[in-house]
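Coordinate analysis (summary)
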Amino acid sequence: MFASRACEARSRRQEESRGAHVNTVRDPTWIVLLILVASAALSQAWAADYKLEARLDPAARTVSGSAHIRWSNKTTFAASDLQFHLYYNAWLNPQSSFLNSNRMREEALKQWRPNEWAAIDVSRLKILPGNGFAELDLTSAIQYIQPDDGNPHDRTVMKVILPRPVKPGETIEIQVEFKIKVPRPFARTGSRGEYFFIAQWFPKLGVFEKTGAWNCRQFIQTEFFSEFGTYDVRLVVPGGWIVGATGRQQSHRQNKDGTATHHFYQEQVIDFAWVASPDFYEFRDRFEHPHLKAVDLRLLLMLDHLGQESRYFTAAKTALKYFGEWLGEYPYGHLTIIDPAYLSNSGGMEYPTLITGGTRWLNLPGSQVPEEVTVHETGHQFFYAVVANNEFEDAWLDEGLTEYSTRKIMREAFGSAPVVRRYFEGFIPLLFEGIFQSDHPASGLGTFESELKLDVMATPAWQYGPAARRGRSADATGLTRVYGPGAYTVNSYTKPDLMLITLERHLGWGKFRSILQTYFSRWRFKHPRAEDFFNVVHEVAGEDFSWFWNQTYRSSHVFDYSVDAVTDLGNGLQSVHLRRWGEGVFPVEVRVEFSDATVVREIWDGQSRWTRFDFRKKSPIRLVEVDPDGKLALDVNYTNNSWVRKPASKSAARKWALKWAIWLQNLLEHFAFFS
Amino acid sequence: MHRAKRLILLIYFSNVLLALIPMLFVEESIQSSLGPSRAGDHLARGFDPAWYAEFRTAATGLASTFDATLLSAGALLKGLEAFLNGQLFKTSAGITLIGLLYALIWTWWSGAFLSVYILQAPLSRDQMLSASARFFPLFLRLAILSGIFYFLIYAYLLPRLTEFTSQQTRNLVDERVVFLWASGKWLVILLCLATIGVWFDYAKIVAVIQSRRSAALALIQALGLAMRNPGRVALLYLSLTLIGLLFLWFYSFLPTKPWEQTWRGMTATFAAGQFYILSRIWVRLLSYSSQAALVHSFLANEMRSEPGVPATVTFRQETAMR
Ligand SMILES: [Zn+2]
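Residues numbered from 1 in each chain as written. Chains lettered and ligands numbered in written order. Predicted model: local features only at pLDDT ≥ 70, side-chain atom pairs only at ≥ 80, totals over all residues. Heavy atoms only, no water.

1. Some thoughts on the coordination of the zinc ion
Our working rule: In this listing, donors mean N, O and S atoms no farther than 2.8 Å from the metal, or 3.2 Å for Na, K and Ca; water is missing from the atoms, so a site can look incomplete. Just to be clear on the cut-offs, tetrahedral is four donors with all angles between 85 and 135 degrees, square planar is four donors and octahedral six with opposite donors over 155 degrees apart and all others between 65 and 115, and anything else goes down as irregular.
Every protein donor of the zinc ion is accounted for by A:His376 (NE2), A:His380 (NE2), A:Glu399 (OE) and A:Glu399 (OE), and the metal-donor separations fall at 2.0 to 2.8 Å. Relative to the metal, the four donor atoms surrounding the zinc ion lie at angles of 51 to 158°, and the coordination shape comes out irregular.

2. Brief notes about the packing of aromatic side chains
Let me state the cut-off plainly: A pair of aromatic rings is counted whenever rings of Phe, Tyr or Trp (Trp by its six-membered ring) have centres within 6.5 Å, and the orientation is called stacked for planes under 30 degrees apart, edge-to-face for over 60 and tilted otherwise. Sitting over a ring, as applied to charges here, requires NZ of Lys or CZ of Arg to be within 6 Å of the ring centre and within 35 degrees of the ring normal.
Tallying each qualifying case throughout the model produces 89 aromatic pairs over all chains. The ring of A:Phe594 carries the charged tip of A:Lys617 above its face, separated from the ring centre by 5.2 Å. If you follow B:Arg160 out to its NZ or CZ, it ends over the ring of B:Tyr156, 3.8 Å from the centre.

3. Some points on the environment of A:Phe448
Residues and elements named next belong to chain A. Our working definition: Only DSSP runs of H or I reaching four residues or more are called helices, and only runs of E reaching two or more are called strands; each is numbered from the N terminus. Type-normalised accessible area, obtained with a 1.4 Å probe on protein chains alone, sets the label of each residue: buried when under 20%, exposed when over 50%, and partly exposed for intermediate values.
If you trace the backbone, Phe-448 turns up in the loop between strand S25 (428-436) and strand S26 (473-474). Relative accessible area serves as the criterion here: at 76%, Phe-448 is assigned to the exposed category. Separated by 31 residues in sequence, Phe-448 and Ala-417 have C-alpha atoms that sit 29 Å apart.

4. What to know about the confidence of the model for chain B
Residue and element names in this part refer to chain B. Keep this limit in mind: Per-residue confidence from the predictor is reported as pLDDT, which spans 0 to 100. Contacts were defined at the residue level, with two residues in contact if any of their heavy atoms lie within 4.5 Å.
The pLDDT averaged across chain B works out to 88; a share of 91% of its residues lies at or above 70. A low-confidence stretch, residues 308-322 stays under pLDDT 50, and its non-local contacts, those more than four residues away or across chains, total 19 contacts. For this predicted complex, the interface score ipTM comes out at 0.94, alongside a pTM of 0.90.

5. Comments concerning the sheet that holds strand S33 (residues 621-626) of chain A
Residues and elements named next belong to chain A. Filter applied, for reference: At least two bridges found by DSSP between two strands is the condition for calling them paired. Comment: axis = line fitted to C-alpha atoms, over the contacting stretch for helices; angle = value between 0 and 180 degrees taken between N-to-C directions.
The sheet built from four strands is open, its strands ordered S31-S30-S33-S34 with antiparallel pairing. What marks the edges here is a single partner per strand, and that holds for strand S31 (599-604) and strand S34 (642-644). Direction aside, the axes of adjacent strands within the sheet are offset by 15° on average.

6. Digging into the pattern of salt bridges
Any two side chains of opposite charge can pair if their charged atoms end up close together. Put simply, the rule is: Salt-bridge detection follows one rule: a side-chain nitrogen of Lys or Arg within 4 Å of a carboxyl oxygen of Asp or Glu.
A full pass over the atoms with the stated rule returns 43 salt bridges over all chains. Notably, a salt bridge pairs B:Asp67 with A:Arg421, separated by 2.7 Å at the nearest N-O pair. Here B:Asp67, found in the loop between helix H3 (49-58) and helix H4 (72-85), pairs with A:Arg421, found in strand S24 (residues 418-423), and the two come from separate chains. Just as B:Asp67 is buried, A:Arg421 falls in that class too.

7. Here's the deal with the side chain of A:Asn151
By secondary structure assignment, the location of A:Asn151 is in the loop between strand S6 (143-144) and strand S7 (157-166). The exposure class of A:Asn151 is buried, given its relative accessible area of 11%.

8. Notes on helix H1 (residues 5-34) of chain B
Residue and element names in this part refer to chain B. Heads up, the condition is: What a helix should span is 1.5 Å times the count of its residues minus one. The quantity called bend is, for any residue, the angle between two axes fitted respectively to the seven residues ending at it and the seven beginning at it.
For H1, with 30 residues, the first-to-last C-alpha span of 42 Å sits near the 44 Å given by 1.5 Å per residue. A bend of about 25° at Met-23 is the largest found in H1. Gly-35, located one to two residues past H1, shows a positive phi value of around 55°.

9. Structural notes on a nonpolar patch on the surface
Residues and elements named next belong to chain B. Defined as follows: Excluding any residue in a salt bridge, patches collect residues exceeding 30% relative accessible area, merging like charges within 9 Å and nonpolar Val, Leu, Ile, Met, Phe, Trp and Tyr side chains within 5 Å. Accessible surface is estimated by sampling points in the Shrake-Rupley manner with a 1.4 Å probe; for residues, cover comes only from the protein chains shown.
Nonpolar side chains collect at one region of the surface, where Leu-145, Ile-148, Phe-149, Phe-151, Leu-152 and Tyr-156 lie side by side and expose about 580 Å² of accessible area between them. Within the fold, Tyr-156 resides in helix H6 (residues 125-168). With a relative accessible area of 48%, Tyr-156 lands in the partly exposed category.

10. Thoughts on the sheet that holds strand S1 (residues 48-57) of chain A
Residues and elements named next belong to chain A. In spatial order, the strands read S5-S4-S8-S2-S1-S14-S17-S16; together these eight strands make up an open sheet with mixed pairing. Both outer strands of the open sheet, strand S5 (136-137) and strand S16 (248-254), are each paired with one neighbouring strand and no more. With 11 bridges joining them, strand S2 (residues 62-72) and strand S8 (residues 171-181) adopt antiparallel strand pairing. Across the sheet, residue Ser-66 finds its bridge partner in S8, namely Glu-177.

11. Digging into the interface of chain B and chain A
When the parts of a complex come together, some accessible area is lost, and that lost area is often used as the size of the interface. Here is the rule: Each of two parts loses accessible area, computed with a 1.4 Å probe, when they are put together; buried area is these two losses added. In the analysis that follows, any N or O atom pair within 3.5 Å is treated as a polar contact, provided that within protein one partner can donate a hydrogen and the other can accept it, and provided that, for residues neighboring in sequence, both atoms belong to side chains. Nonpolar residues are Ala, Val, Leu, Ile, Met, Phe, Trp, Tyr, Cys and Pro. Charged residues are Asp, Glu, Lys and Arg, and all others, Gly as well, are polar.
With 103 residues of chain B at the interface, the matching set in chain A holds 79 residues. Summed over both sides, the interface of chain B with chain A buries roughly 8,600 Å², with 65% coming from carbon and sulfur. Of all residues in chain B, B:Arg170, B:Val173 and B:Glu175 give up the largest surface area on contact with chain A, accounting jointly for 10% of the area buried on that side. Between B:Glu175 and A:Arg360 there is a salt bridge, with its nearest N and O atoms 3.0 Å apart. Linking chain B to chain A there are 37 residue pairs in polar contact (both at pLDDT 80 or more). The leading source of residues in the side of chain B that touches chain A is H1(B), at 13 residues. The residue inventory of the side of chain B that touches chain A, partitioned by class, reads 60 nonpolar, 25 polar and 18 charged.

Put into structure tokens, the structure is as follows:
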């Protein structure tokens, strides 16, 4: 990340220095600039570069690999050890922290056969000679540490103490030999049949932070965090198989043993994932835009989804257009879209320059499947791959911003999402025209056992609590489920989305867009924290929003304003009572419409628990709405926001109850079978 | 069929009544949730998903089964799915209770139906009541007995088949192939349900024709008859199923859009729904009558081969006398 900035700085300074050379050759600043250029060039290596070689054995479901890792200490502190993520060990045994805390644990234990557990086994780790280090085998120095929960069964973090510290600015090169056992698909990695989706698969360095400490968390429930680097990867798979991976394919060589070697290369990315299968069909397309860099698109599609390729491409292009126009350019110039295999549990995931979508064999036009997931994951190329926040701590930064943007793009480019229900184990879809998914995503979250109260958003994501057993809510598809999601989902997706919509509507899109733009350009190829985003908001909006973050990010308040009552006091005096049911305070507008069609708008600061607006007017009040434009997207009950003198509730209730009755009549005939 | 006109209406009205009474609770629940809000206007014109999300989290009892997607094909698919996977009895306790009550009403009137078809003559109200009362204890025993078989299908066979198909398909990456496996599973379940259904129907018919009081004997004789004439039994059942599917197919063409708030639209959709319910009752009765005729002919053939017994006459007189 630093190298990237240095690179830009260098070329800028070269321009400057050329000019300087003509005019003032003897100017001492010229020499200073030259030194700066030289030091910038020296630090061009990314913090962690990986040269990986891997060989897939589909029959044994293993990948044998070796990693040549070059790590540079970019901090001002010496590093006395190296810490690595061994993510695959999250499914090594049922006692791992991941399976202990995970809701899916029982399912996994039930379905997996003994040989279907995962493992990553490091057989050798040595320091390579050079950079002031002598060759040294550190295999026996490998330790497994549990910095987060002390669970001795968890082997997802590996540590080696170095013979001497890596000083600031120094580089160390190491060689790691490892072998992974590919599990049944779990948490977006694994294999089903001859479909291998391989992610988080190699020993990956944590991030040595500016504070001089490793951020190398155990793998419990979040996504990931790693350093920018160059990935130079050679993958050996059976001949005839198709491989998709992070980066651009450099070459493809057929080997004598019937295998083929696929070479991929990518600079300036934080991870490398790949997929291999003989079942893919390959399609190519290209995103072009008058002001943005073109992007080559490559789609690997499963057989049962042939015919849906244009839906994937359209969605990816739409996302590249909107994100590009809103934030800035997509820097990599290419994107690989993987259509995941059925039940491979690898859909809807982002990796640098590679995303996974997800669709079904029977899919209806207008269903927004796979469009929505494709837009979301493409969006992650901006918020995750380029602006690479720490997903262990601030998962909401990339998920929330991506979710918020996706919702906005979907609405603008694809319109409201109709409700689609799937029957018979999900095989048969039915689309309901005229019934749309809610535009008020907070609706239904406001019960006493609100999901929004599961945890406080500011809690580090890896520490978010589990799902509440009694929660019940509408999920993203408009359907319902008995158990609500865990605090991780609520606080990384749902709530930040609501928070950002509210902020956008409060500030206006123009200002909010420049917030997004500033945040993106300032934190490109860096690792921002939540406070960095807040600072950008304050700076661009020219206003301190601490009051807002305190109520949203730093608390579990819910927001709920309502029209309580409208009373006629006689003599044309009418009063409107408003109430604040939630703990959250936000200024709201009130719109009062009279029978003579006149409209009055008032502002309520929303501070007190209730308020009253009096109107002296002959014409009776016809309609009252609090927050009529739905600016406060965080409002958990939208129904109580309005009051009408002559509600249609009775006839509406009859109409819908009658539909229900016909369904019941139908059901009764099924019961008659058992007579 | 015209002979059972009164019975069809009786059954239909009990269906309507059993659906309309709980409907009032659901209606009240929806109305109080809407209150004086604009959501009422939205719901009158179409639907309001934000309101629904709130309603759904708060709704209890029967109201919790309300869903905007219970329209035309949605209602059909949901019902059919619930029937095949046994969820019918798990939707809600209230619905299960109402459903069992409706099944009981069918059980009660079955005696009258079958008497009408076997006697080939309309019955007076008193005759209908006495025929129903006479066969009810036996039919109830048969229903309970068949319930044990259905329970075994849902609680024992279905989960094992599901486990089996998921084991067989666990490495498949083509959804279409997995769908074929799943379809196979549902077909097996459907066949098992149908076999039990036909067997017990035949037992009821045999019991009426021969005035049997023993469930076991009726079942044994019905099984014997069906086993000796498997082709005709299957053919008849298949034809009946096809007629049923035809009505289902017609009904599935109703739009999945919420109704417009016009009397015409509401009436048309309501009428279509009622027509479908009537058609289902009719198909069920048709299956009784045609199966009764088939059993009748089986028995007549078998009796005729035994000399000296004027088969048909005996049945008629016996049944009518009681
Ligand atoms: Zn995401």
